[in-house]
Amino acid sequence: MFDAIRDLYQEVIFDHNRNPRNFRVLANPDRTVEGFNPLCGDRLTLFLKLHNNTIIDASFQGSGCAISTASVSLMTEVIKGKTANEAEQLFQQFHAMTTSKEADSDLAAIGKLAVLAGVREYPARVKCATLAWHTLDAALKNKRQSISTE
Amino acid sequence: MSTFPVAKIRADFPILKEKIANQPLVYLDNAATCQKPQAVIDSMSHLYSHDYANVHRGVHTLSVRATERYNGAREKVKNFINAASSKEIIFVKGTTEAINLIAQTFGRVNIKAGDEILISAMEHHSNIVPWQLLCKANGALLKVAPINLQGELIVAEFERLISAKTKLIAVAHMSNALGTINPVTEIIALAKAHRIAVLLDGAQAAPHMPVDVQALDCDFYAFSGHKLYAPSGIGVLYGKQARLEAMPPYQGGGDMISKVTFAATEYSGLPYKFEAGTPNIAAVVGLGAAIDYLTALGMDNIAAYEAQLLRYATQKAQAIDGLKIIGEANNKGAILSFIIAKIHPHDIGTLLDSLGVAIRAGHHCAMPVMDFFAVPATARASFAIYNTQAEIDVLIKGIEQLIEVFDV
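Quick notes on the rules
The residue numbering used here restarts from 1 in each chain and proceeds along that chain's sequence as written. Both sets of labels track the order of writing: A upward for chains, 1 upward for ligands. Under the rules for a predicted model, residues below a pLDDT of 70 receive no local features and side-chain atom pairs below 80 are neither given nor counted, while totals for whole chains, interfaces and linings still include all residues. Working from all heavy atoms in the structure, the side-chain values ignore hydrogens and water. The way it works is that DSSP assigns letters per residue, a run of H or I at least four long becomes a helix, a run of E at least two long becomes a strand, and they are numbered from the N terminus. When we talk radius of gyration, it's over C-alpha atoms, and the globule rule is simply 2.2 Å times the number of residues to the 0.38. Three exposure classes are used, based on accessible area relative to the maximum for each residue type with a 1.4 Å probe and protein chains only: buried under 20%, partly exposed in between, and exposed over 50%. Every residue pair with non-hydrogen atoms within 4.5 Å of one another is taken to be in contact. Aromatic pairs are defined between Phe, Tyr and Trp rings, using the six-membered ring for Trp, whenever the two ring centres lie within 6.5 Å; interplanar angles under 30 degrees are classed as stacked, those over 60 as edge-to-face, and all others as tilted. Comment: the charge-over-ring label is applied if NZ (Lys) or CZ (Arg) is within 6 Å of the ring centre and within 35 degrees of the ring normal. Accessible area, probed at 1.4 Å, shrinks when two parts are joined; the buried area is that loss added up over both. Every case where a carboxyl oxygen of Asp or Glu lies within 4 Å of a side-chain nitrogen of Lys or Arg is listed as a salt bridge. Think of pLDDT as the predictor's per-residue confidence, scored from 0 to 100. Criterion used throughout: strands pair if DSSP finds at least two bridges between them. Only the stretch in contact is used when a helix axis is fitted, and all axes are lines through C-alpha atoms; the angle between N-to-C directions ranges over 0 to 180 degrees.

Examining the overall build of chain B
The secondary structure content of chain B amounts to 14 helices and 17 strands. The C-alpha atoms of chain B give a radius of gyration of 22 Å, which matches the 22 Å a tight globule of 408 residues would have. Principal-axis analysis of the C-alpha atoms places the extent of chain B at approximately 75 × 55 × 35 Å. By the burial criterion, 57% of the 408 residues in chain B qualify as buried.

This is the structure in structure tokens:
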């Protein structure tokens, strides 16, 4: 079923949609930023705990499509233990992977996030995958309380 | 009903031969925009190939031909909605511009600080924001009549919100997000009793049911070409002649004047007073061709056929576990808005697209409706003259499969 679109909807995506990781409110977070995609109504709140510029815990709340839920779920897993700079680098790589057709060489570096590479073939859904990362970017730069994809 | 010539209609729409994801296209996003029959495409192509020049200008042959075709289309629109005169037919970009025109002309003159504009809770953003802009500029108040959980206007509440200060009632003839057909006869009777002007947003209704503006007795009626099998960028504002004559112009420029000096300018008569600048000539001609096409089919026949499609789709959808229909009005056009437990409408939209099925997923430019039903978005299948029961079967099977694959 849906063979034509399994490059986007891989089993990992369904798994994270069913059982999102780090789906909770973080007590005493150092950063709390809300991300919003007004086109589809996806809304998430990202919580970060930082120590010496390193992300020691990350969690989220909110509701969205399977792509955005899986993306933020995976993101909270991979950024734990990363420094802010390392996380920003991942954001750049993730952004390149989801928007550029020539980023295949970086797929190894990006690890399990590569499962979302298929989104680049679906321009209407790229923002679903990148909402989490734009929210993280805003949180790390500590500039705003909420961001919007539009 | 079995005589509705859907096979012939389908052959008239070249885009229906397109394959999407190697599957036959099942186009169910008609409330967003409708596809175009060959007759509409040909009418515009013929204009550009044989009859094109600017209208109302030159004495040369092509200008005369273009003007004849342009004016001919206005006459067709007049007959289509049974207006009393073609002077009452104003060409605009679409429903949105028509409503903004009313806000900026009728509104600025007749609606003052403390006055009220009454709309319903199911309006499209284009029948909310122009009034908010006007209210911000002149200190008027926007009142919103509530709907019930079936997505129907609560007429008693609507009536209670009418006051001596109400200067305009603006409601959708049919809701784009819910499919609800509003009790416009009742609404207009209430408005007349209080001498309040009424604007109907007919963007969804005009392509799918007979509209008679004289029988309705509304002051203004707005609709778009692109939802009526005609090009985008063209729409119609109908206004009663006396109302339009009392209104100031909308935009200034060529065509809308009879005499210009630096001291003073005299405006043209109707409808040109509201049509500054060179219009979208080819789109107007395309609209005329679309109206010919629909008129030949008969709007009553179209409404009956689409009602049959909606009944079939509703029955099938109701049988799906976990699917909830949003908008269950007794009087409904062929729009099926729905949600599925734990599956976001955008996932539904993308997965169905991979089967060749085009639906809309989102807030449908009606965010307050989404808030009322406490959903971020819905999936929406909307039907038109070229859709079939077989296509609804493809939709329903796709929904059943995606519920299975999501396994939530």
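Thoughts on the side chain of His364 of chain B
With respect to the helices, strands and loops of the structure, His364 of chain B is situated in the loop between strand S16 (360-362) and helix H13 (367-372). Apart from the residues within four sequence positions on either side, His364 of chain B is in contact with His124, Asn176, Ala177, Ser337, Met370, Thr378 and Arg380 of chain B.

Topic: the packing of aromatic side chains
For any pair of aromatic rings, geometry is given as the distance between the ring centres together with the angle between the planes. In this structure the tally under the stated criterion is 16 aromatic pairs over all chains. Their ring planes at 70° and their centres at 5.2 Å tell us that Phe23 of chain A and Phe60 of chain A sit as a pair that is edge-to-face. Here Phe23 of chain A is found in the loop between helix H1 (11-18) and strand S1 (31-37), whereas its partner Phe60 of chain A is found in strand S3 (residues 54-63), with 37 residues between them in sequence. When its relative accessible area of 40% is taken as the criterion, Phe23 of chain A is described as partly exposed. Counting every residue linked through ring pairs, the aromatic cluster contains Phe13, Tyr229, Tyr293 and Tyr386 of chain B. For Arg43 of chain A, the ring lying beneath its charged end belongs to Phe36 of chain A, and the centroid distance is 4.0 Å.

Focus: the interface of chain A and chain B
On the chain B side, the residues contacting the 21 residues of chain A number 20 residues. Summed over both partners, the interface of chain A with chain B comes to about 1700 Å²; 67% of that surface belongs to carbon and sulfur atoms. Counting the surface chain A buries against chain B, the share from its top three residues, Met1, Phe2 and Arg18 of chain A, is 35%. The tally of links between chain A and chain B comes to 1 salt bridge. For the salt bridge of Asp347 of chain B with Arg125 of chain A, the shortest nitrogen-to-oxygen distance reads 3.0 Å.

Digging into the confidence of the model for chain B
Mean pLDDT over chain B: 96, with 100% of residues reaching 70 or higher. Overall fold confidence for the complex sits at a pTM of 0.94, while the interface term, ipTM, reaches 0.89.

Overview of the sheet that holds strand S9 (residues 220-224) of chain B
Residue and element names in this part refer to chain B. Ordered in space as S4-S10-S9-S8-S7-S5-S6, the 7 strands form an open sheet in which the pairing is mixed. Among the strands making up the open sheet, the edge pair consists of strand S4 (89-92) and strand S6 (141-145). The mean inter-strand angle of the sheet, taken between neighbouring strand axes irrespective of direction, is 20°. Pairing analysis gives 5 bridges linking strand S5 (residues 116-120) to S6, with the strands arranged parallel. Bridged to Ser120 within S6 is Ala145. The strands touched by helix H3 (residues 61-80) are S4, S9 and strand S10 (235-239); relative to S4, the strand with the most contacts, the crossing angle is about 115°.

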